[in-house]
Amino acid sequence: MNNFYTRICSLVLLTFIVGCSGTSESDYSSPSAEFKTPENLPQYSKEGFACPTVGIIEDLRSITLFGDNNKPNDKSIAGYAKIEDFSGSCAFEGGFVEVNMDVLFSAKSGTRVISDRVTESTIAFPYFIAVADEAGNILRKEVFAVAMRFQENKDTTRQSDTIKPRIPLANPQAGQSYQVLIGFQLTREQLNFNRGD
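Described in the following lines is the structure provided in the data block.

Definitions and limits used
- Residues numbered from 1 in each chain as written.
- Predicted model: local features only at pLDDT ≥ 70, side-chain atom pairs only at ≥ 80, totals over all residues.
- Heavy atoms only, no water.
- Helix = DSSP H or I, 4+ residues; strand = E, 2+ residues; numbered from the N terminus.
- Buried < 20%, exposed > 50% of the residue type's maximum accessible area, 1.4 Å probe, protein only.
- Contact = heavy atoms within 4.5 Å.
- Areas by Shrake-Rupley, 256 points an atom, 1.4 Å probe, with all protein chains shown as cover.
- Pairing = 2+ DSSP bridges.
- Polar contact = N/O pair within 3.5 Å; in protein donor to acceptor, adjacent residues only side chain to side chain.
- Core = buried A, V, L, I, M, F, W, Y, C linked by side-chain atoms within 4.5 Å.
- Phe/Tyr/Trp six-rings, centres within 6.5 Å; stacked < 30°, edge-to-face > 60°.
- Lys NZ or Arg CZ within 6 Å of the ring centre and 35° of its normal.
- Salt bridge = Lys/Arg side-chain N within 4 Å of Asp/Glu carboxyl O.

Side note on the overall build of the chain
Next up, step 1: Broken down by element type, the chain carries 2 helices and 10 strands.
Next up, step 2: Of the regular secondary structure in the chain, the N- to C-terminal order runs α-β-β-β-β-β-β-β-β-β-β-α.
Next up, step 3: A buried classification covers 40% of the 197 residues belonging to the chain.
Next up, step 4: A separation threshold of at least 6 residues defines the contact pool for the chain, and within that pool the share at least 24 residues apart is 69%.
Next up, step 5: A total accessible area of about 10200 Å² is found for the chain, and carbon and sulfur atoms account for 46% of it.

Examining the pairing of strand E7 (residues 138-150)
Next up, step 1: As judged from the 12 bridges shared by strand E6 (residues 121-132) and E7, these two strands associate in the antiparallel manner. Counterpart to Ile123 in the pairing with E7 is Met148.
Next up, step 2: Remark: 5 residues form the turn of the hairpin made by E6 and E7, two consecutive strands paired antiparallel; Gly136 in that turn has positive phi of roughly 90°.

Considerations on the side chain of Ser106
Next up, step 1: Its location among the elements puts Ser106 in strand E5 (residues 96-109).
Next up, step 2: Here the side chain of Ser106 touches Glu84 through a polar contact of 2.6 Å, side chain to side chain.
Next up, step 3: Ignoring anything within four residues of it in the chain, the contact list for Ser106 reads Tyr80, Ala81, Lys82, Glu84, Met148, Thr157 and Arg158.

A look at the nonpolar core
Next up, step 1: The biggest cluster of nonpolar side chains holds 43 residues, and the ones touching the most others in it are Met101, Phe125, Ile182 and Phe184.
Next up, step 2: Those elements that provide at least two residues to this core are strand E2 (53-57), strand E3 (62-66), strand E4 (77-93), E5, E6, E7 and strand E10 (179-184).
Next up, step 3: Ranked by residues supplied to this core, first place goes to E6 with 8 residues.
Next up, step 4: Met101 has contacts with Leu41, Val54, Phe86, Ser87, Gly88, Ile129, Asp161, Thr162, Ile163, Pro165, Val180 and Ile182, leaving out every residue within four places of it along the chain.

What about the packing of aromatic side chains?
Within a pair of aromatic rings, the relevant descriptors are the distance that separates the centres and the angle that separates the planes.
Next up, step 1: Throughout the structure, instances matching the rule amount to 5 aromatic pairs.
Next up, step 2: With a centroid separation of 4.9 Å and 80° between ring planes, the pair formed by Phe66 and Phe193 is classed as edge-to-face. A residue pair is termed long-range when its members are at least 10 positions apart, and Phe66 in strand E3 and Phe193 in helix H2 (residues 188-194) qualify at 127 residues.
Next up, step 3: Given a relative accessible area of 5%, Phe66 falls into the buried group.
Next up, step 4: Here the aromatic cluster, defined as three or more aromatic residues joined through ring pairs, consists of Phe105, Tyr127, Phe144 and Phe184.
Next up, step 5: The ring of Phe128 carries the charged tip of Lys141 above its face, separated from the ring centre by 5.6 Å.
Next up, step 6: Here the basic side chain of Arg166 rests over the ring of Phe96, its NZ or CZ set 4.2 Å away from the ring centre.

Points about the pattern of salt bridges
Next up, step 1: Applying the stated criterion to the full structure yields 4 salt bridges.
Next up, step 2: When the shortest N-O distance is used, the salt bridge between Arg61 and Glu58 registers 2.8 Å.
Next up, step 3: Relative accessible area serves as the criterion here: at 17%, Arg61 is assigned to the buried category.
Next up, step 4: Salt-bridge contacts for Lys108 lead to Asp155; the nearest nitrogen and oxygen are separated by 3.0 Å. With a gap of 47 residues between them, Lys108 in strand E5 and Asp155 in the loop between E7 and strand E8 (156-163) connect regions that are remote in the sequence.
Next up, step 5: Since its relative accessible area comes to 24%, Asp155 is described here as partly exposed.

Right, here's the structure in full:
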């Protein structure tokens, strides 16, 4: 897995998420209202080193793809996906803390299932992993695409993706000062659609 890109946007937590496309801080509620951390990543590694906090940003937990993602329309939905959960662990090695995570996705095809379809179909959904410091400043971000495979005559599917973000860390006990954030990479219009705007 590639390391994170060097600083993508020097914006506070939740202001960069919609692709750094001019979204202002006022478009978001407070981080505490959107950032929720499932309790399935240990607070400390097996060696006793502090693990970063990992969480899914609630407003970016789901994505709907359209024929034109800049013009969401209920009649042009190509697919829908949701980040269901994650599990993992962390380890400290060579001046880095590595978070090893399996992220679970579910998806639904937006097209009608054709009864005589004999081939599988795939829809790729873009999501990101980002690292933020204790003040909420985004330090690194990397965008991925999870390719969700739909079996013939099926319009739903579930699968997991394994990611291993690494954070440079001189002090292994300072891991809790960092946050690893998970969410879908949305346009402003897709975010508004999620919120019912």
